[in-house]
Amino acid sequence: MLLFVLRRIGVMILTAIALTFIVFYMTNLPPNLEKLAKSEASVRMADDAVASWLESNGYGGSVFVRYGEWLGVMPGWTLTDEDGTIRGRCIESGQDPAAAARYCGILQGNWGFSTVFKQPVTEVLARSLGATGWLMLWVMIVMVPASLLLGVLSGMREGSRTDRVLSTVAITTTATPEYVSGVILIALLASATAGVSPILAEAGWIEGKTLFPGTATSAMDNITFWNFFLPVMTIALYGIGYIARMTRASMTEVMTQQYIRTARLKGVGFREVVMRHALRNALIAPFTVIMLQFPWLLNGVVIVETLFNYKGFGWTLVQAAGNNDIDTLLACSVVAVFVVLVTQLISDIGYVFLNPRIRLA
Amino acid sequence: MDDALSWGSIFLRIAAQLLPVWVALIATFALSMRYKRNLGLYGRIFDSPVGMTGFGLVMFWVFTAIFADWIITHDPLAQLSGMKNIIPGSPVKDAVEGAYPYYLLGGDHLARDVFSRMVMGARDVLKIAPAATVIAFMVGITLGLPAGYLGGKLDTTISFLSNLVLAFPVILLFYLLVTPEIRVTGIPTVLAAILFIFPVIFLTLLLNARFFTNPTKRNLYVGGILVIGLWAYSGLAFNADPLGVWSMDPNMLNVFVSVVFVNSPGVFRIVRGMVMDIKTRDYVAAGQTRGEGPWYIMLWEILPNARGPLIVDFCLRIGYTTILLGTLGFFGLGVTPESPDWGSTINYGRRLLAIAPHPAVVPAFALMSLVLGLNLLADGLREESMKD
Amino acid sequence: MSEPWDPSKPILEIENLSISFFTRLREIPAVMDFSCTVMAGEAMGLVGESGCGKSTVALAVMRYLGKNGRITGGSIRFKGRDLTNMEDEELRKIRGSEIAMIYQEPMASLNPAMKIGAQLAEVPMIHQGMAKDEAWKLARQIVADVRLPDPDRIINAYPHQLSGGQQQRIVIAMALMSKPALLILDEPTTALDVTVEAGIVDLVKELGTKYGTSMLFISHNLGLVLDVCDRLCVMYSGEAVETGNVEEVFDKMRHPYTQALFRSIPLPGADKNSRPLVAIPGNFPLPHERPNGCNFGPRCDYFTDGRCNAQDIPMAQVPGDDRHETRCIRSTEIDWNAPLAAVKMVEKTPIGRVVLKLDDLKKYYSVSGSAFGGGAGKVVKANETLSFEAREGETLAIVGESGCGKSTFAKVLMGLETATSGQIMLFDENVQNTPIQMRDTGTISKLQMVFQNPFDTLNPSSTVGRQIIRALEIFKFGNSDEERSARMLELLDLVKLPRAFAERMPRQLSGGQKQRVGIARAFAGGAKVVVADEPVSALDVSVQAAVTDLLMDIQRKNKTTLLFISHDLSIVRYLSDRVMVMYLGHVVEMGTTDQVFQPPYHPYTEALLSAVPIADTRVQKKRIVLEGDIPSAVNPPPGCPFQTRCRWKSQVANGLCDREVPPVRMLEGGHQIKCHLPDEVFATMEPVIKIAAE
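First, a word on what this report is: a plain description of the structure on this page. Small disclaimer: the values here were computed from a predicted structure and weren't measured.

What counts, and where the lines are drawn
Residues numbered from 1 in each chain as written. Chains lettered and ligands numbered in written order. Predicted model: local features only at pLDDT ≥ 70, side-chain atom pairs only at ≥ 80, totals over all residues. Heavy atoms only, no water. Pairing = 2+ DSSP bridges. Helix = DSSP H or I, 4+ residues; strand = E, 2+ residues; numbered from the N terminus. Axes fitted to C-alpha atoms, helices over the stretch in contact; angles between N-to-C directions. Contact = heavy atoms within 4.5 Å. Buried < 20%, exposed > 50% of the residue type's maximum accessible area, 1.4 Å probe, protein only. Arc of directions from axis to C-beta. Buried area = accessible area lost by both parts, 1.4 Å probe. Salt bridge = Lys/Arg side-chain N within 4 Å of Asp/Glu carboxyl O. Polar contact = N/O pair within 3.5 Å; in protein donor to acceptor, adjacent residues only side chain to side chain. Nonpolar A, V, L, I, M, F, W, Y, C, P; charged D, E, K, R; others polar. Phe/Tyr/Trp six-rings, centres within 6.5 Å; stacked < 30°, edge-to-face > 60°. Lys NZ or Arg CZ within 6 Å of the ring centre and 35° of its normal. Core = buried A, V, L, I, M, F, W, Y, C linked by side-chain atoms within 4.5 Å.

Pairing between the strands of a sheet comes from backbone hydrogen bonds, and it takes one of two forms, parallel or antiparallel. Residues and elements named next belong to chain C. What the eight strands build is an open sheet, ordered β18-β19-β20-β15-β21-β22-β25-β24; its pairing is mixed. At either end of the open sheet lies a strand with only one pairing partner, and these are β18 (447–450) and β24 (664–666). Strand-to-strand twist across the sheet, computed as the mean angle between neighbouring axes with direction ignored, equals 20°. Across four bridges, the pairing between strand β15 (residues 395–399) and strand β21 (residues 578–583) is parallel. Paired with Leu396 across the strands is Arg578, a residue of β21. Sitting on the sheet, helix α20 (residues 603–611) touches β15, β21 and β22 (586–592), and the angle it makes with β21 is about 100°.

All names here are of chain B. Of all the positions in helix α1 (residues 7–17), only Ile10, Ile14 and Gln17 are classed as buried. Angular distribution of buried residues about the axis of α1 spans 60°; they occupy a single face of the element. Across α1 from its buried face, at more than 90 degrees, point the exposed residues Phe11 and Leu12. Buried positions along α1 lie against α2 (19–34), α5 (68–71) and α6 (114–150).

On to the interface of chain A and chain B. Across the boundary between the two partners, chain A contributes 48 residues, which contact 42 residues of chain B. Between chain A and chain B, roughly 3,900 Å² of surface is buried when both sides are summed, and carbon and sulfur atoms account for 79% of that area. It is Met26, Tyr179 and Val183 of chain A in chain A that bury the most area against chain B; as a group they hold 16% of the surface buried on that side. One can count one salt bridge joining chain A with chain B. Inspection of the region where chain A meets chain B yields five residue pairs in polar contact (both at pLDDT 80 or more). The set of elements that each furnish at least two residues to the side of chain A that touches chain B consists of α1 (2–27), α2 (30–40), α6 (161–174), α7 (178–189), α9 (225–255), α12 (294–307), α13 (313–322) and α14 (326–354) of chain A. With ten residues, α1 of chain A is the single largest residue contributor to the side of chain A that touches chain B. Broken down by class, the residue content of the side of chain A that touches chain B amounts to 34 nonpolar, twelve polar and two charged.

Moving on, we come to the interface of chain A and chain C. Across the boundary between the two partners, chain A contributes 26 residues, which contact 34 residues of chain C. Taking both partners together, chain A and chain C bury about 2,800 Å²; carbon and sulfur atoms supply 58% of that area. Counting the contacts that link chain A with chain C gives two salt bridges. Between Lys266 of chain A and Glu122 of chain C there is a salt bridge, and its shortest N-O distance comes to 2.8 Å. Inspection of the region where chain A meets chain C yields 13 residue pairs in polar contact (both at pLDDT 80 or more). Of all the elements in the fold, those that place two or more residues in the side of chain A that touches chain C are α1, α10 (258–265), α11 (270–292) and α15 (356–359) of chain A. Per-element accounting of the side of chain A that touches chain C gives the leading share, six residues, to α10 of chain A. Grouping the amino acids of the side of chain A that touches chain C by side-chain chemistry returns eleven nonpolar, six polar and nine charged.

Right, let's get into the side chain of Ser570 of chain C. Residues and elements named next belong to chain C. Examined against the element boundaries, Ser570 turns out to sit in helix α18 (residues 569–575). For Ser570, a relative accessible area of 14% gives the class buried. For Ser570, the residues in contact, after removing those within four places along its chain, are Pro266 and Val612.

Residue and element names in this part refer to chain A. Throughout the structure, instances matching the rule amount to 41 aromatic pairs over all chains. Measuring from ring centre to ring centre gives 6.2 Å for Trp53 and Tyr59, while their planes differ by 15°; the resulting arrangement is stacked. Every member of this aromatic cluster is reached through a ring pair, and the members are Phe21, Phe24, Tyr25, Phe64, Tyr67 and Trp70. Positioned above the aromatic ring of Phe270 is the side chain of Arg157, whose terminal nitrogen or guanidinium carbon lies 4.0 Å from the ring centre. The aromatic ring of Trp315 is capped on one face by Lys311, whose charged end is 5.2 Å from the ring centroid.

Now for the sheet that holds strand β7 (residues 182–186) of chain C. All names here are of chain C. Reading across the sheet, the eight strands line up as β6-β7-β8-β3-β9-β10-β12-β11 and stay open at both edges, with mixed pairing between neighbours. Each edge of the open sheet carries a strand with a single partner, namely β6 (99–102) and β11 (316–317). Examined bridge by bridge, β11 and strand β12 (residues 325–326) share two bridges and lie antiparallel to one another. Across the sheet, Gln317 pairs through a bridge with Glu325, a residue of β12. In the packing of helix α7 (residues 164–176) onto the sheet, the strands contacted are β6 and β7, and the crossing angle to β6 comes to about 175°.

Here we take up the nonpolar core. Judged by nonpolar contacts, the single largest core of 184 residues is most densely connected at Leu12, Phe34 and Ile184 of chain C. Per element, the largest residue contribution to this core is eight residues, and it comes from helix α8 (residues 194–211) of chain C. The residues contacting Phe34 of chain C, other than those within four sequence positions of it, are Ile14, Glu15, Asn16, Leu17, Leu46, Val57, Cys233, Met235 and Ala240 of chain C. By size, the runner-up hydrophobic cluster in this structure holds 177 residues, among which are Ile303 and Val340 of chain A together with Leu5 and Ala136 of chain B.

Here it is, written out as structure tokens:
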């Protein structure tokens with residue numbers, strides 16, 4: 001077991017290195033660097049001026065060396081200016097070059113400086129991850145129980161009317177990506193000219209013009225039902241349908257197994273069969289699905305935070321990518337890749353734990 | 001100046017505008033129902049209400065895309081004065097003689113006709129999504145078959161690479177892969193060069209494995225595939241078709257390649273899993289004991305028997321690709337501002353949701369119904385293919 | 001018990017039961033007008049081929065027919081109460097407490113995520129409201145009752161940690177947890193090896209007597225029914241065709257189907273040359289294509305037009321016997337004792353030169369230590385020093401149970417795997433280290449294989465003709481498509497299939513027909529040596545005879561060497577010239593068929609012979625039941641591979657069996673036995689099977 005986990009972690013680290021290198025390479029492509037130079041120094045720079053600016057700011061060497069520096073496994077670059085001052089990756093302005101550390105990459109906690117937010121990337125990340133954490137928490141609280149319940153109820157009697165209705169609901173929500181459901185929910189519940197809000201406002205049942213606010217910016221300071229309902233539902237809806245369908249498939253398969261027949265013919269009642277015999281076997285597959293859902297949830301987060309103007313991780317990623325903020329984008333990628341890989345690891349290990357057939361084999 | 005149309009007459013007018021679609025749908029359904037017993041799996045869609053609904057929805061959009069030129073009421077790019085954000089059913093101000101007198105589903109923030117843009121958007125989506133899915137399938141199959149069948153180092157390597165792509169959050173990948181800057185570096189062309197060669201490899205292997213016992217036939221078929229395939233390849237990947245028949249706009253190529261790239265690992269995984277299951281069957285062993293080559297066994301003994309789940313996945317994946325294309329549009333990646341595709345229309349519309357929801361809601365429902373149709377169709381197919 | 005029940009009355013009384021399945025297109029009658037009675041303490045056998053409706057009857061008694069199945073007529077009375085219109089809640093109380101069921105596939109029938117103890121204890125907890133620890137105590141006791149070793153460990157184990165035989169014992173234990181009055185056994189041993197089956201059968205019989213339980217025993221194996229049951233009911237195409245005491249039905253059958261069934265199974269005395277089996281002509285009718293009148297009519301030798309197909313045939317009493325009934329209107333007219341008409345005798349094929357010679361063949365696999373990789377690798381010795389010769393026109397049977405290495409041997413021979421060491425000479429050519437990709441077409445087409453599972457042997461997405469033509473293309477037969485397609489039709493003729501089948505898809509063929517196509521494909525390149533891996537074990541008995549016959553026919557015509565891999569000793573005795581018995585990768589005994597089936601035996605052969613059920617009342621068998629299960633090939637015992645289960649072990653001095661692998665002993669006539677037993681002990685061995693004098 002330990003060996004299995006160690007192997008998985010080994011593969012995970014290898015994957016992480018490969019992925020971060022790809023991101024590093026892609027964000028440090030010559031055109032991006034040229035844009036960076038022009039935005040940092042002067043927009044009307046000639047090509048050779050750009051080249052020398054990049055050279056003197058440590059963007060010169062090979063991409064592998066720069067990746068190593070960024071990661072913190074290679075010593076940071078140092079340059080001696082014409083006037084004799086020594087500048088370098090690890091040397092803060094005014095600091096004595098001799099006292100500066102040799103290595104300063106993300107492994108040493110140096111994540112760089114955001115050109116968009118004008119503050120260290122670590123601060124940007126901490127703030128935005130905090131905000132997204134709350135969003136994810138509520139999404140999970142809504143999504144997991146709802147989807148499992150939906151899936152189990154519809155899978156327990158395949159072909160029944162409950163099954164047909166619930167399956168249709170699930171299939172519809174999986175056909176609705178976040179940018180569609182978000183738009184529809186806003187139009188329905190948060191538009192002054194359409195949906196239910198004008199009717200409610202006319203009847204005097206709501207105070208403002210709309211039932212829900214169309215943005216979630218206020219939730220950054222204070223989360224309430226009203227400002228968080230729409231973003232949470234928008235992300236959760238797609239996931240609910242998806243996980244419910246997986247659960248249903250798994251449940252219907254389990255219900256046709258011979259050991260369910262054995263249990264029924266032992267005289268176990270239907271409810272008991274579902275609860276005691278079917279559920280545990282049926283939930284193994286959805287568990288891994290929920291875990292593997294994370295990359296997609298990340299998508300949802302990016303869309304919803306953009307749509308509702310909630311300044312979390314996804315919003316930051318979009319800002320960084322749109323404004324060529326290389327350090328922030330790299331940091332966001334590291335976090336995203338890390339989250340995905342860790343959930344994959346949990347899913348693998350959890351699968352082994354949930355399934356006694358594998359555990360002791 | 002006339003009053004705006006009521007919702008009832010808006011619907012009637014839209015229905016009238018879609019007349020070619022209705023005719024085509026009725027013809028398709030009537031013919032299919034009549035001959036459904038002779039049409040194999042396709043025919044059996046018509047035994048399942050779910051499958052039929054899905055098929056209907058999908059074909060509705062397919063026909064809409066085909067007949068788009070007849071259906072639209074206005075030029076989807078034309079901006080008419082005074083029609084900005086106007087509500088559905090509004091009459092066109094200062095209408096030119098002979099032009100359609102209403103904006104059936106209103107106007108958008110640049111005073112363009114929402115209905116016509118939605119119809120043209122269908123054409124945009126249905127041009128890319130199925131083609132990208134087909135290429136992704138060829139890539140996934142060509143790599144998944146040997147990985148599953150031969151296993152070993154090859155399998156480990158390809159599986160690692162595919163997991164690498166799968167571990168990338170899609171949006172991040174798009175932000176890195178679909179940018180104007182990246183086009184300068186030539187990375188999309190390199191990717192296209194790699195991905196577009198797979199269909200040619202796939203078809204060549206397929207025919208060679210089957211006909212190598214008969215060299216005359218083999219040379220004819222494989223030669224034909226190589227000539228046409230490489231010709232198309234040179235045009236699509238490198239824009240270097242000497243005759244100028246095959247070409248792709250660099251913007252479009254960038255989007256297309258990214259979507260294929262994101263989809264292929266998923267297909268690879270499914271194919272690999274199915275191959276590992278099917279390769280234990282006796283008919284595979286029978287092929288081996290009569291000395292068949294590995295590619296014959298993979299392509300002619302294993303692949304045809306994996307077709308059921310692959311067809312189902314194909315439908316689901318077109319839907320997924322449609323969602324991805326919408327996502328790209330939503331973030332304004334890889335599309336021109338005036339493009340009528342649904343994703344970017346939603347993106348522009350969402351900023352004014354509070355006052356004028358229709359420019360965003362209309363394409364949102366369009367996209368949802370197409371994906372829903374594909375999902376339902378996949379469900380129906382799955383149900384029917386399991387009934388044997 | 002709420003109402004008193006008179007134990008002299010039948011426990012189970014089924015009267016005129018009809019069951020149908022409803023699909024979207026039509027109603028499919030599965031069982032028609034079925035009646036049978038089971039008295040207290042009686043064991044009733046339900047026999048028939050697949051699709052005859054026997055399992056449907058069993059599930060109907062449990063009222064578990066699924067969404068589409070419905071009882072359309074008749075009644076099922078259990079202790080006088082009608083089950084057909086019982087409420088769900090009442091049914092639930094009967095299920096598991098008064099009627100319990102044992103299933104065909106023990107692994108699938110146990111919940112993989114629950115401990116054995118919990119699954120067992122559940123029964124008394126539901127039905128008697130027993131407390132949890134008391135129920136677990138009872139579970140432990142019953143586990144000991146079904147003679148499982150170390151019950152404390154077992155009740156805390158998960159199903160996958162037990163072997164197939166142990167799992168089946170657990171399923172039996174589960175059925176006995178609340179001492180039911182009626183036990184339904186649905187093919188309880190079909191998925192098990194023969195020596196394990198013998199143990200289970202013994203256990204079932206013993207427990208039946210001990211608890212006085214009535215049994216409904218469903219099987220396709222007549223021998224097993226003779227072993228276990230007092231009475232039996234033969235089913236054909238949804239109807240009971242004959243019912244009565246086991247002895248009476250076996251010795252005085254009064255229905256043509258029963259008779260045909262007995263003539264198609266290889267009983268002792270049958271021989272491929274002098275007394276060949278008689279296959280039942282034609283095919284089993286599909287449920288919606290049943291003929292008028294007698295369902296067996298179209299395949300019956302005694303069929304008379306205008307009578308047998310005029311009206312529905314009722315069950316009729318056979319005069320003079322105890323509750324012996326038959327569904328044949330001509331039962332009193334037929335001369336049941338007439339000898340088989342016109343037995344076609346065949347000349348024995350002459351045995352020719354050596355075509356295949358194996359010398360000291362070894363095949364070892366290395367497997368990783370645990371499921372998660374890593375750990376020290378282990379070596380599985382799948383084949384250990386295999387040496388033998390096979391001659392032209394000869395049938396060599398390779399006999400053994402699961403894990404004995406017979407399939408590995410087939411793979412090595414075919415070139416799908418390469419041997420670890422040793423030689424394989426095929427027609428003076430050493431093919432041992434030549435994998436199939438490197439062999440030339442001639443070698444490949446000379447050495448072909450027939451596979452076990454008819455549902456798997458043909459590619460489901462390609463027509464029958466196409467698959468045979470492909471083999472011809474690969475074997476470089478003919479110069480044009482026309483030539484090959486003509487040859488393909490000839491091959492269909494050879495395996496006695498209509499030429500129209502060339503256009504059919506495999507799913508339109510029955511199991512036996514598919515197996516014939518598989519044979520045609522194997523012989524496409526004029527194969528000289530054919531490995532047949534259990535070619536008939538998945539087929540119904542009546543079809544088995546026809547396919548076996550076909551194989552023998554083609555062998556005679558082509559002078560083919562047949563390597564017949566099987567676990568079924570009856571069929572092996574019937575068709576083979578020489579026999580090789582394998583156990584855990586070792587050849588434990590080899591000789592001519594007569595030598596192997598007569599003493600002296602290897603102790604394993606002896607047990608195997610005793611374990612095979614024989615459907616003949618005249619046969620007396622010595623009962624030898626092996627202890628335990630076949631050891632895993634990954635972890636074989638030290639010394640003699642068979643020492644863990646051998647009943648003769650005590651006769652060998654100094655514990656030699658524990659330490660050393662026995663040498664191969666040459667007895668007279670080339671008879672080889674791998675055993676430490678001294679000659680004196682061999683001399684005292686008695687034959688296992690004796691046919692009582694008539």
